[in-house]
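# Coordinate analysis (summary)
Okay, here's what each chain looks like letter by letter:
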Amino acid sequence: MTSQAQTIDPLPAVAGLIFLGFPLHPAGRPSPERAAHLLDVALPMLFVHGSKDALAYPDFFRRSVGRLGLLGTVIEIEDADHSFRIPKKSGRTEAEVLDGMLDTIAIWMLAWQL
């Protein structure tokens, strides 16, 4: 993972990290172990994940990333799974979801001047 590499030997040109569907824990087994190294990353990090992601239960995910303080930002995509698929009953298309994600990422990058 890029975040693990960044803790071992930071690349000078890397100004921030963006995670799309960060696998915080195995499905059905919340654990903070996979996020422990993030405390050693001294860069802004954006975590985009789905509210139905079996690899990142939302409340657990927000608490884990919350430990990063201002360096950690969570964007939750309503009704999306780990692959950002959404049910048809949501009324949104996958293209709309992905467009919204890209807009959000661009806004975050501008806010951090990345």
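Scroll up a little and you will see the structure.
Within each chain, residue numbers correspond to sequence positions counted from 1 in written order. Where totals are concerned, whole chains, interfaces and linings use all residues; where local detail is concerned, this predicted model gives features only for residues with pLDDT of at least 70, and gives and counts side-chain atom pairs only at 80 or more. Processing note: side-chain calculations cover all non-hydrogen atoms of the structure and skip hydrogens and water entirely.

On the secondary structure map, Arg 29 appears in the loop between β1 (17–20) and β2 (45–50). Between the C-alpha atom of Arg 29 and that of Leu 55, which follows or precedes it by 26 residues, the distance is 8.3 Å. Strands here mean DSSP runs of E at least two residues long; helices mean DSSP runs of H or I at least four residues long; both are numbered from the N terminus.

On to the side chain of Ser 51. Its location among the elements puts Ser 51 in the loop between β2 and α2 (58–66). A distance of 2.7 Å separates a polar side-chain atom of Ser 51 from the backbone nitrogen of Asp 79. Contacts were defined at the residue level, with two residues in contact if any of their heavy atoms lie within 4.5 Å. The residues touching Ser 51, leaving out its near neighbours within four places in the chain, are Pro 58, Glu 76, Ile 77, Glu 78, Asp 79 and Ala 80. Polar contacts, as used here, are pairs of N or O atoms within 3.5 Å; protein pairs need one atom able to donate a hydrogen and one able to accept it. Residues neighboring in sequence count only if both atoms are side-chain atoms.

Here, the term nonpolar core denotes a set of buried Ala, Val, Leu, Ile, Met, Phe, Trp, Tyr and Cys residues that are joined through side-chain atoms within 4.5 Å. Relative accessibility decides the category of a residue: with a 1.4 Å probe and only protein chains considered, values under 20% of the type maximum give buried, values over 50% give exposed, and everything between is partly exposed. Ranked by internal contacts, the top residues of the largest apolar core, which has 15 residues, are Phe 19, Phe 22, Leu 24, Leu 38, Met 45, Phe 47 and Phe 61. Among the secondary structure elements, those contributing two or more residues to this core are β1, β2 and α2. Per-element accounting of this core gives the leading share, three residues, to α2. When sequence neighbours within four positions are dropped, the list of residues in contact with Phe 19 reads Ser 3, Leu 38, Met 45, Leu 46, Phe 47 and Val 48. Ranked by size, the runner-up nonpolar core spans ten residues in total, among them Phe 84, Met 101, Ile 105 and Trp 108.

The grouping of Ile 18, Leu 20, Met 109, Trp 112 and Leu 114 at the surface amounts to a nonpolar patch, some 400 Å² of accessible area in total. Its location among the elements puts Ile 18 in strand β1. Given a relative accessible area of 35%, Ile 18 falls into the partly exposed group. Patch criteria: residues need more than 30% relative accessible area and no salt bridge. Like-charged residues are merged within 9 Å; nonpolar side chains of Val, Leu, Ile, Met, Phe, Trp and Tyr are merged within 5 Å. With residues, only the protein chains shown are counted as cover, and all accessible areas are computed by Shrake-Rupley using a 1.4 Å probe. A carboxyl oxygen of Asp or Glu within 4 Å of a side-chain nitrogen of Lys or Arg is what we treat as a salt bridge.

Mapped onto the elements of the fold, Arg 63 is located in helix α2. Residue Arg 63 is classed as exposed on the basis of its relative accessible area, which comes to 55%. Separated by 31 residues in the primary sequence, Arg 63 and Pro 32 have C-alpha atoms spaced 9.6 Å apart.

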